[in-house]
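# Fold and contact review
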Amino acid sequence: MSGGLEGITHGLMAGTHVASNLGWRTVDALSVGDKVLTFDSAMQPIVEIRREVLWVDATEVPERMWPITIPAGAMGNRCDLSLLPDQGLLVESDAAADALGDPFAVVPSLALSGVRGIRRAPPLHQFEVVTLFFAQDEVIYVEGGALAYCPHLGCLLSDPLGQTGILYDVLSLHDAEFLVQCMAVEENQDGESDWQALADYVA
């Protein structure tokens, strides 16, 4: 049992619903061999599952470790969703297309804090984090339409440099925060100048 969030960078909190061959199942009810609906590769089998119980006290956990609360509808999710700060989410943006040549980018959930009502919230009780691994990088559907990034198992085992099985580039927090700012501009006004700024920024 862990006393905090240190060392755990991704995974879904128990109770989070995942689209699978068994229908919408909570992540903690899935088993190795079950198939999960992915963004690019249809149904893919789970090759490993890791579980970590976190015992946390809201009065002692630094704010930088607080989970991220995503209100219903903010990222296509049908209900409120809590994620670890480093958990990657796939977002679609014209800004990403202009800067990266691809409209889709994976950003840490922390980068989304402050937009669409997304915010940090102190953990109030013990909870379990369940991490799903596949043979290669995958993005899976959670709570309706949110798209959660799952790094491939090899990046932690036989492939320490993470070169095999990588399908997605994960933006650093610095670059992701800038991309999110541009996304906010897209939603409110013509953000052409900001898109160009992003292109220059990450070039």
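All values reported here derive from a predicted model rather than from experimental measurement.

## Digging into the overall build of the protein chain
Counting its regular elements, the protein chain contains 3 helices and 14 strands. The 203 residues of the protein chain split such that 46% are buried. Within the protein chain, contacts between residues separated by at least 24 positions form 61% of all contacts whose residues are at least 6 apart in sequence. Accessible surface for the protein chain amounts to roughly 9700 Å². Of this, 50% is attributable to carbon and sulfur atoms.

## Focus on the nonpolar core
Generally speaking, nonpolar side chains in soluble globular proteins are found buried as a group. Counting residues in hydrophobic clusters, the biggest one holds 37 residues, and the most contacted among them are Ile 70, Leu 132, Ile 140 and Leu 179. In terms of residue count, helix H2 (residues 173-188) provides more of this core than any other element does, 5 residues in total. Excluding its chain neighbours within four sequence positions, the residues that come into contact with Ile 140 are Leu 12, Val 18, Val 36, Leu 37, Thr 38, Leu 132, Phe 134, Ala 146, Leu 147, Ala 148 and Cys 150.

## Here's the deal with the packing of aromatic side chains
Geometry of an aromatic ring pair is reported as the spacing of the ring centres plus the angle between the planes. Inspection of the entire model under this criterion finds 3 aromatic pairs. Ring centres of Phe 39 and Phe 104 lie 5.1 Å apart, and the angle between their planes is 65 degrees; this geometry places the pair in the edge-to-face category. Here Phe 39 is found in the loop between strand S4 (35-38) and strand S5 (42-45), whereas its partner Phe 104 is found in strand S10 (residues 104-108), with 65 residues between them in sequence. A ring pair is formed by Tyr 149 and Tyr 168, whose centres lie 6.2 Å apart and whose planes are at 80 degrees; its orientation type is edge-to-face.

## Considerations on the environment of Ser 109
Relative to the elements of secondary structure, Ser 109 occurs in the loop between S10 and strand S11 (119-120). Between the C-alpha atoms of Ser 109 and Leu 90, which are 19 residues apart in sequence, the distance is 9.5 Å. With near-sequence residues (within four places) excluded, Ser 109 lies in contact with Ile 68, Leu 83, Leu 84, Pro 85, Asp 86, Gln 87 and Leu 89. Side-chain polar atoms of Ser 109 contact the backbone oxygen of Pro 85, separated by 3.2 Å.

## A closer look at the confidence of the model for the protein chain
Atom-level detail of predicted coordinates should not be read off regions where pLDDT is low. Per-residue confidence for the protein chain gives a mean pLDDT of 82; residues scoring 70 or more make up 79%. Low confidence marks residues 156-165, where pLDDT is under 50. Its contacts with residues over four positions away, or in another chain, come to 15 contacts. Low pLDDT, under 50, characterises residues 190-203; the predicted model gives this stretch 25 contacts beyond four residues in sequence or across chains.

## Observations regarding H2
Between its first and last C-alpha atoms H2 spans 23 Å; for 16 residues at 1.5 Å apiece the expected length is 22 Å, and the two agree. Buried within H2 we find Ala 176, Leu 179, Val 180, Cys 182, Met 183 and Val 185.

## Observations concerning the pattern of salt bridges
Per the counting criterion, the structure on display carries 3 salt bridges. Arg 78 is paired through a salt bridge with Glu 143; the nearest N and O atoms lie 3.5 Å apart. Of the two residues, Arg 78 sits in the loop between strand S7 (68-70) and strand S8 (81-83) while Glu 143 sits in the loop between strand S13 (138-142) and strand S14 (146-150), which places them 65 residues apart along the sequence. You can call Glu 143 buried: its relative accessible area is 4%.

## Focus: the environment of Phe 127
If you trace the backbone, Phe 127 turns up in strand S12 (residues 127-133). A relative accessible area of 11% places Phe 127 in the buried class. Spatially, the C-alpha atom of Phe 127 lies 7.1 Å from that of Ala 14, the residues being 113 residues apart in sequence.

## A word on the pairing of S14
Within S14, 5 of the 5 residues are buried, which leaves the element mostly enclosed by the surrounding structure. Sheet topology places S13 next to S14; 5 bridges connect them, and they run antiparallel. What sits directly across from Tyr 141, in S14, is Leu 147. Connecting S13 to the next strand, S14, in antiparallel fashion are 3 residues, including Glu 143 with a positive phi near 45 degrees.

The rules behind each value
- Residues numbered from 1 in each chain as written.
- Predicted model: local features only at pLDDT ≥ 70, side-chain atom pairs only at ≥ 80, totals over all residues.
- Heavy atoms only, no water.
- Helix = DSSP H or I, 4+ residues; strand = E, 2+ residues; numbered from the N terminus.
- Buried < 20%, exposed > 50% of the residue type's maximum accessible area, 1.4 Å probe, protein only.
- Contact = heavy atoms within 4.5 Å.
- Areas by Shrake-Rupley, 256 points an atom, 1.4 Å probe, with all protein chains shown as cover.
- Core = buried A, V, L, I, M, F, W, Y, C linked by side-chain atoms within 4.5 Å.
- Phe/Tyr/Trp six-rings, centres within 6.5 Å; stacked < 30°, edge-to-face > 60°.
- Polar contact = N/O pair within 3.5 Å; in protein donor to acceptor, adjacent residues only side chain to side chain.
- pLDDT = per-residue confidence, 0-100.
- Expected span 1.5 Å × (residues − 1).
- Salt bridge = Lys/Arg side-chain N within 4 Å of Asp/Glu carboxyl O.
- Pairing = 2+ DSSP bridges.

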